[in-house]
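Analysis of the macromolecular model
What follows is each chain in one-letter form.
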Amino acid sequence: MTASLLELRSVTKRFGDFVAVDNVSLAIAAGEFLTLLGASGSGKTTTLRMIAGFDLPTAGEIWMEGQSIHLLPPYKRNVNTVFQNYALFPHMSVWDNVAYGLKMRRVARAEIDERVGQVLEMVHLEQLARRAPRQLSGGQQQRVALARALVNRPKVLLLDEPLGALDLKLRKEMQLELKHLQTQVGITFVYVTHDQEEALTMSNRIALMRAGRIEQVGTPQEIYDRPATKYVADFIGETNLLSARVRIIAGDRATLDVEGQAIDAQAPAGGPVPPAGGQVWLSVRPEVMTILRDGESPPGHNVLVGTVEEGIYAGSLTRLRLRLAGGTALVLHMAPTGSAVAPGQQVRIGWPAARGVCLAE
Ligand code: ATP
């Protein structure tokens, strides 16, 4: 990765006795789309506010382009923030809302016209420049808020749940648009959301926060395919977490015991290696499991036998609920083309060993 543009170094924020952000270190590269993802109260907004300058860290430092910035007032940092409640000026036109910051900074009229025109075009609002915010849809208002931040040409744009107020369909459209725009303008985005699907769709990297700490940082694929902890596996997407015991862990391979059967998986990423006999979890995504035909035994696959409890049709897939002989419940996603199975039927369930991840307690 290129040298980092923005760096949080052991940043902590306390409110009285309460630790909202706990010793967070994170380096963000120029042009990166980094998402702070986490449950409500995990410290995402507080982290963003410290980068913006609305809150000061209790301890630690924030650096940008080789300069410490954590003590600078917000307007002296080369960052802009877009909030969920767009906070547009209701009595001003779209154009004037976007031009406001530049006017305040006494930028020359001709330059204001040029820059406002440019960003309105970028967010596809040039036709609506004379309208008032109340004459716009939620998505259009969000674009104005975005244009108002982009017009300042910040090095870093901070976005706090910017799509939170939009309905699901518009939200999905805006996710793609925003991602496209970010690639186009090349500005570094630090994006806050509690929506894991949104984070997976948009980010170059995700920092998953839990109780003020960063639980894991990685690309969407790393976080999804190689969760570092049970919490991450559970938070991102849907997964089967099976109680297991270690038979042997060597290098990046683990052999586990699930209901008395030997199951191969990836060893835990980092952390102390659990000892033989130790209690661990096996995470397997529902979509990597398949129902095997009689006698079918693909190389490198684990196989378990279970009983079908229920199949729930969900359009593009069928969610199959199964139970192993020892009582462990499983969910498997079956493609519509999969062979029909009926409740009560015994089936063989297979998945590639490398697609299961052993997670320490
Ligand atoms: P959400 O998704 O709900 O916005 P979040 O992950 O952004 O959550 P923060 O807003 O950063 O979480 O809050 C982290 C914790 O710090 C919460 O428990 C919150 O109650 C607490 N907190 C935030 N601001 C303050 C404050 N000014 N005074 C006291 N506690 C605060």
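Just above, that's the structure.
Note that the structure is predicted; figures quoted are calculated from it, not measured.

Looking at the environment of Gln 196
For Gln 196, the location among the structural elements is in helix H6 (residues 196–202). The exposure class of Gln 196 is partly exposed, given its relative accessible area of 23%. Between the C-alpha atoms of Gln 196 and Ser 42, which are 154 residues apart in sequence, the distance is 14 Å. Once you skip the residues sitting within four places of it in the chain, Gln 196 turns out to touch Leu 37, Phe 235, Ile 236 and Gly 237. Within the structure, the side chain of Gln 196 is placed 3.0 Å from the backbone nitrogen of Gly 237, a separation counted as a polar contact.

Topic: helix H4 (residues 138–150)
The terminal C-alpha atoms of H4 lie 18 Å apart, and with 13 residues this matches the ideal 18 Å at 1.5 Å per residue to within 8%. Every buried residue of H4 is listed here: Gly 139, Gln 142, Arg 143, Val 144, Ala 145, Leu 146, Ala 147, Ala 149 and Leu 150. The inward-facing, buried residues of H4 abut strand E6 (79–82), helix H2 (94–104), helix H3 (109–122), strand E7 (156–160) and helix H5 (168–185).

Brief notes about the packing of aromatic side chains
What the rule picks out here adds up to five aromatic pairs. Between the aromatic rings of Phe 33 and Phe 189, the centroid separation amounts to 5.4 Å while the plane-to-plane angle is 45°, which identifies the pairing as tilted. Placement of the pair is Phe 33 in strand E3 (residues 33–38) and Phe 189 in strand E8 (residues 188–193), with a sequence separation of 156 residues. Note on accessibility: Phe 33 and Phe 189 belong to one class, buried. Measuring from ring centre to ring centre gives 5.9 Å for Tyr 231 and Phe 235, while their planes differ by 25°; the resulting arrangement is stacked. Of this pair, Tyr 231 and Phe 235 both sit in helix H8 (residues 230–235), four residues apart, which is roughly one turn of the helix. Under the relative-accessibility criterion, Phe 235 is labelled buried at 19%. One aromatic cluster is present, formed by Phe 33, Phe 189 and Tyr 191 through successive ring pairs.

Remarks on the nonpolar core
Counting residues in each nonpolar core, the largest one holds 37 residues, and the members touching the most others are Val 98, Val 116, Leu 120, Leu 146, Leu 157 and Leu 159. Within the residue set of this core, elements represented by two or more residues are H2, H3, H4, E7, H5 and E8. If you tally residues by element for this core, the top one is H4, at six residues. By size, the runner-up hydrophobic cluster in this structure holds 28 residues, among which are Ala 267, Val 308, Leu 322 and Cys 358.

Examining the site of the ligand
Around the ligand, the neighbouring residues are Phe 15, Phe 18, Ala 20, Ala 39, Ser 40, Gly 41, Ser 42, Gly 43, Lys 44, Thr 45 and Thr 46. Within the side chain of Ser 40, one N or O atom sits 2.6 Å away from an oxygen atom of the ligand. Between the ligand and Ser 42 there is a distance of 3.0 Å, counted from an oxygen atom to a backbone nitrogen or oxygen. Across the complex, the protein chains shield 58% of the 640 Å² of accessible surface that the ligand would expose by itself. Those elements that place two or more of their residues in the shell around the ligand are strand E2 (18–29) and helix H1 (44–52). Looking at which element gives the most residues to the shell around the ligand, the answer is H1, with three residues. Of the residues that constitute the shell around the ligand, the class distribution is four nonpolar, six polar and one charged.

Considerations on the sheet that holds E7
Pairing is mixed in the open sheet, where six strands are placed in the order E6-E7-E8-E3-E9-E10. This sheet does not close on itself; its edge strands, each paired only once, are E6 and strand E10 (213–218). Neighbour-to-neighbour, the strand axes of this sheet turn through a mean angle of 20°, independent of strand direction. As judged from the five bridges shared by E3 and strand E9 (residues 205–210), these two strands associate in the parallel manner. From the neighbouring strand, Gly 38 faces E9, where its bridge partner is Met 209. Strands in contact with H5 are E3, E7 and E8; relative to E8, the strand with the most contacts, it is inclined by about 160°.

Some details on the sheet that holds strand E18 (residues 329–334)
Two strands in a sheet stick together by hydrogen bonds in their backbones, pointing the same way (parallel) or opposite ways (antiparallel). As summarised here, the arrangement of the five strands in space is E15-E19-E16-E17-E18, forming an open sheet in which the pairing is antiparallel. With one partner strand each, in any of the chains shown, strand E15 (290–292) and E18 form the two edges of the open sheet. Each strand of the sheet is rotated relative to its neighbour by a mean of 50°, with strand direction disregarded. As judged from the three bridges shared by E15 and strand E19 (residues 346–352), these two strands associate in the antiparallel manner. Note on E19: the bridge partner recorded for Ile 291 is Ile 349.

The rules behind the values
- Residues numbered from 1 in each chain as written.
- Predicted model: local features only at pLDDT ≥ 70, side-chain atom pairs only at ≥ 80, totals over all residues.
- Heavy atoms only, no water.
- Helix = DSSP H or I, 4+ residues; strand = E, 2+ residues; numbered from the N terminus.
- Buried < 20%, exposed > 50% of the residue type's maximum accessible area, 1.4 Å probe, protein only.
- Contact = heavy atoms within 4.5 Å.
- Polar contact = N/O pair within 3.5 Å; in protein donor to acceptor, adjacent residues only side chain to side chain.
- Expected span 1.5 Å × (residues − 1).
- Phe/Tyr/Trp six-rings, centres within 6.5 Å; stacked < 30°, edge-to-face > 60°.
- Core = buried A, V, L, I, M, F, W, Y, C linked by side-chain atoms within 4.5 Å.
- Near = heavy atom within 4 Å.
- Areas by Shrake-Rupley, 256 points an atom, 1.4 Å probe, with all protein chains shown as cover.
- Nonpolar A, V, L, I, M, F, W, Y, C, P; charged D, E, K, R; others polar.
- Pairing = 2+ DSSP bridges.
- Axes fitted to C-alpha atoms, helices over the stretch in contact; angles between N-to-C directions.

Purely spatial values, then, with no claim about function.
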